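Chain residues, written in single-letter form:
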Amino acid sequence: MSITNSEIQTFKDCKRKWWLGNYRALKPISKTYVGPLTLGIRVHNALELFYVTGENPVDEYERLQRIDNKLFAESKDANFEDKVKKFNSEAELGRIMLEGYMEWLAETNPDADIEVIGAEKKLSTRLEMDPRVELMGKTDLKVKRASSGKHALLDHKTAVSFNSYYETSHMSEQLMLYVILEKMDTVNGDPNVDGGIYNLIKKVKRTASAKPPFYERLDVRFNDKQLQSFWIRTMGTIRDIMDLRDKLDAGEDHRFYAYPSPTNDCTWKCPFFQVCPMFDDGSSAEAMLEELFEQVDPNARYEENE
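Residues numbered from 1 in each chain as written. Predicted model: local features only at pLDDT ≥ 70, side-chain atom pairs only at ≥ 80, totals over all residues. Heavy atoms only, no water.

### Side note on the sheet that holds strand β4 (residues 121–126)
Strand-to-strand pairing in sheets goes through backbone hydrogen bonds, with the strands running parallel or antiparallel.
No. 1: Strand order in the open sheet made by the three strands is β1-β5-β4, with mixed pairing throughout. Where the open sheet ends on each side, the last strands, each with one partner, are β1 (2–4) and β4. Strand-to-strand, the axes of this sheet are offset by a mean angle of 35°, without reference to chain direction.
No. 2: Sheet topology places β1 next to strand β5 (residues 134–139); three bridges connect them, and they run parallel. The residue of β5 that forms the bridge with T4 is M136. (Pairing = 2+ DSSP bridges. Helix = DSSP H or I, 4+ residues; strand = E, 2+ residues; numbered from the N terminus. Axes fitted to C-alpha atoms, helices over the stretch in contact; angles between N-to-C directions.)

Pasting the structure below:
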């Protein structure tokens, strides 16, 4: 049983979402090409190629955009004027963000202190606490800090505001997990990693009314006590995940154990927003799942390019 940071965060956020997306491994059949996730993926992939091969990220973004243009035109969303308008606006936004990013690099040279030493890499460790579990992650870029010689995991993040990163980056569970996996993975790991770098890119078209900064780097480091405490917490969460899996495997009622945690964020954050309440009001939830969702491997992306 492979468990990732994504699954851990989903489990802690909403157990019903975890039950549908991880335990039952369901995802929507139709893909949406509108919204922050799609935009972020295009920008992220363009920047990753830039740092690995030197390819101009604006050119790569436009190549990816042409692919999405074709897919969007064939999707149901293309029949709705508001979604067409939003799709085109987001396409322009991503290009402007990357054009500005290249200008920012030329003006401030923040890359002078980093040297890319590794690209996408799967990391994993088998847990002594429960040998059924492989704790797994996949890093994006690994860099060497010229100033200290230490290594860091660099992650591109697009955001409407940087405030949440300013306030919570020192508590990033994803970064802490990946640092621990780097230290524990005796085959693919790197014990010289001591933290991460957030490469922040603001989702803004940089008009006259837009407020900088539009780009920023946050260097995040963790001490041994932080990592030790986080590891203990993570083992507790994984124990809870496996206990719940065992109960569901034994036929226990999912409503008793994998209950929902509804918030206003459900409308944009959860692919199961429409079907979720149907499990509680007597509607044909399973029929809707059969029509609109498919079973997939939720960890497939961790095995890509291996």
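### Focus on the side chain of D185
No. 1: Of note, D185 is situated in the loop between α7 (173–184) and β8 (193–202).
No. 2: Lacking a salt bridge, the buried D185 has K121 as its closest oppositely charged neighbour, with an N-O distance of 7.3 Å.
No. 3: A distance of 2.9 Å separates a polar side-chain atom of D185 from the backbone nitrogen of V187.
No. 4: Setting aside chain neighbours within four positions, we find D185 in contact with K122, L123 and S124. (Buried < 20%, exposed > 50% of the residue type's maximum accessible area, 1.4 Å probe, protein only. Lys, Arg positive; Asp, Glu negative; His and termini not counted. Salt bridge = Lys/Arg side-chain N within 4 Å of Asp/Glu carboxyl O. Polar contact = N/O pair within 3.5 Å; in protein donor to acceptor, adjacent residues only side chain to side chain. Contact = heavy atoms within 4.5 Å.)

### A closer look at the environment of N163
No. 1: Residue placement: N163 occurs in helix α6 (residues 163–168).
No. 2: Along the backbone, N163 and T186 are 23 residues apart, and their C-alpha atoms lie at a distance of 36 Å.

### Remarks on the packing of aromatic side chains
No. 1: For the structure on display, the rule yields twelve aromatic pairs.
No. 2: Their ring planes at 35° and their centres at 6.0 Å tell us that W18 and Y23 sit as a pair that is tilted.
No. 3: Their ring planes at 20° and their centres at 5.2 Å tell us that F272 and F293 sit as a pair that is stacked. Of this pair, F272 sits in the loop between α10 (266–269) and α11 (285–292) while F293 sits in strand β10 (residues 293–295), and the two are 21 residues apart along the sequence. Across the pair, exposure class does not vary: F272 and F293 are buried alike.
No. 4: Three or more aromatic residues joined by ring pairs form one cluster here, namely F11, W18 and Y23. (Phe/Tyr/Trp six-rings, centres within 6.5 Å; stacked < 30°, edge-to-face > 60°.)

### A look at the nonpolar core
No. 1: Among the nonpolar cores identified, the biggest contains 48 residues, and I3, L135, I238 and V275 are the most heavily contacted of them.
No. 2: Other than its neighbours up to four places away in sequence, I3 contacts I8, V133, E134, L135, M136, I238, I241 and M242. (Core = buried A, V, L, I, M, F, W, Y, C linked by side-chain atoms within 4.5 Å.)

### Re the packing of helix α4 (residues 57–73) against helix α5 (residues 81–108)
No. 1: Contact geometry of α4 with α5 gives a least axis separation of 9 Å together with a crossing angle of 170°. Considered as vectors, α4 and α5 are oriented roughly antiparallel to each other. Counting all contacts with α4, which are made through P57, V58, Y61, E62, Q65, D68, N69 and F72, the residues of α5 involved are K83, V84, F87, E90, A91, G94, R95, L98, E99 and M102.
No. 2: For the contact of α4 with α5, the class distribution of residues is nine nonpolar, three polar and six charged. (Parallel < 35°, antiparallel > 145°, perpendicular 65-115°, else oblique. Nonpolar A, V, L, I, M, F, W, Y, C, P; charged D, E, K, R; others polar.)

### Describing the side chain of S169
No. 1: Within the secondary structure, S169 is located in the loop between α6 and α7.
No. 2: Taking the relative accessible area as the measure of exposure, S169 reaches 10% and is therefore buried.
No. 3: Within the structure, S169 has its side chain in polar contact with the backbone oxygen of Y165 (distance 3.0 Å).
No. 4: Residue contacts for S169: discarding those within four places in its chain leaves S164, Y198, L218, V220 and F222.

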